[in-house]
Amino acid sequence: MQKARTSKKSKKTGQVPVIRMGNIQNGRIVWDDLVYSDDKDEIEKYRLKINDIVFNRTNSPELVGKTAIYKGERPAIFAGYLIRINQIEQLINADYLNYYLNSFIAKRHGNKVKTDGVNQSNINGEKLINYPVPYCSIEEQNLIVYEIENRLSICDKLEEITEVSLKQAEALRQSILKKAFEGKLVPQDPNDEPAEKLLERIREESTKHATTKIRKSRRKA
């Protein structure tokens with residue numbers, strides 16, 4: 001494991017992005033809202049390698065312990081409140097470890113061992129080393145990762161379909177309301193007054209009614 005110091009030279013533009021806790025989402029690195037470093041020594045020392053896992057050791061109680069796996073999308077280093085987890089490829093599949101650390105079992109363990117401060121919790125490297133990682137052969141780990149990713153891809157597809165359906169439902173709702181107030185929702189009697197005129201007449205009647213009430217109240221006064 002390796003901790004990095006927070007880059008004091010991080011800025012909005014630069015040579016290499018610095019991965020922070022906000023960039024860790026659902027076990028992956030999200031390349032949004034980045035800051036950068038141009039420090040050559042820092043870049044060389046803390047450059048991420050493919051299949052490195054970064055662990056969020058300091059955060060709010062509900063977010064501490066989040067991890068993400070780096071897949072070499074672009075050169076990057078990691079911020080000081082993250083821990084890089086190095087693993088032996090012959091012993092453990094990096095994706096298997098990443099999925100485990102984001103599982104309910106690991107989060108429950110993290111909640112037991114974390115140290116709580118004012119609005120912040122911490123899980124240090126020593127506690128991280130002692131996480132009860134379920135171990136099995138590399139072949140079994142590879143199979144577990146395959147099954148997890150197969151099912152997660154189905155979840156992603158369902159989420160995408162649901163999002164599209166919600167947008168379509170909202171568009172349909174607006175279309176129905178528009179047609180309703182344009183008098184196009186059902187066949188119209190040519191002798192019926194348009195909805196716009198009806199609404200205007202209702203507004204006029206409401207205004208007239210309110211004016212009458214005010215006058216009556218003044219008379220009583």
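Refer to the preceding data block for the structure.
Scope of this entry: the structure provided in the associated data block. (Residues numbered from 1 in each chain as written. Predicted model: local features only at pLDDT ≥ 70, side-chain atom pairs only at ≥ 80, totals over all residues. Heavy atoms only, no water.)

The subject of this paragraph is the overall build of the chain. Counting its secondary structure elements, the chain contains six helices and 12 strands. Taken across its 221 residues, the chain has 31% of its residues classed as buried. Of the accessible surface of the chain, which amounts to about 15,200 Å², a share of 55% is contributed by carbon and sulfur atoms. (Helix = DSSP H or I, 4+ residues; strand = E, 2+ residues; numbered from the N terminus. Buried < 20%, exposed > 50% of the residue type's maximum accessible area, 1.4 Å probe, protein only. Areas by Shrake-Rupley, 256 points an atom, 1.4 Å probe, with all protein chains shown as cover.)

It is worth spelling out the sheet that holds strand S11 (residues 115–116) at this point. The three strands lie next to each other as S7-S12-S11, forming an open sheet whose pairing is antiparallel. Where the open sheet ends on each side, the last strands, each with one partner, are strand S7 (58–59) and S11. (Pairing = 2+ DSSP bridges.)

This next bit is on the layout of surface pockets. Counted as a void, the largest pocket has a volume near 230 Å³. In this structure, the largest pocket is lined by 14 residues; those nearest its centre are Ile85, Asn86, Ile92, Leu97 and Val133. Residues of the lining of the largest pocket, tallied by class, amount to 12 nonpolar, two polar and no charged. Of the volumes computed, that of the second largest pocket is approximately 200 Å³. Taken together, Asn26, Gly27, Arg28, Tyr99, Glu149, Leu152, Cys155 and Asp156 make up the full set of residues lining the second largest pocket. By residue number, the principal contributor to the lining of the second largest pocket is helix H5 (residues 138–181), which donates four residues. When the residues that make up the lining of the second largest pocket are grouped by side-chain class, the tally is three nonpolar, two polar and three charged. (1 Å grid on protein atoms, 1.4 Å probe; cavity = no way out; pocket = protein on both sides within 12 Å on 5 of 7 lines; lining within 4 Å. Points joined across faces, edges and corners; volume = space filled by probe spheres on them. Nonpolar A, V, L, I, M, F, W, Y, C, P; charged D, E, K, R; others polar.)

Before going further, it helps to spend a moment on unusual backbone geometry. Non-glycine residue Asp33 carries a positive phi angle of around 50°. Position of Asp33 among the secondary structure elements: in the loop between strand S4 (28–29) and strand S5 (35–37). A relative accessible area of 58% places Asp33 in the exposed class. Of note, Asn51 is a non-glycine position whose phi angle comes to about 75°, a positive value. Overall, the relative accessible area of 23% leaves Asn51 in the partly exposed class.

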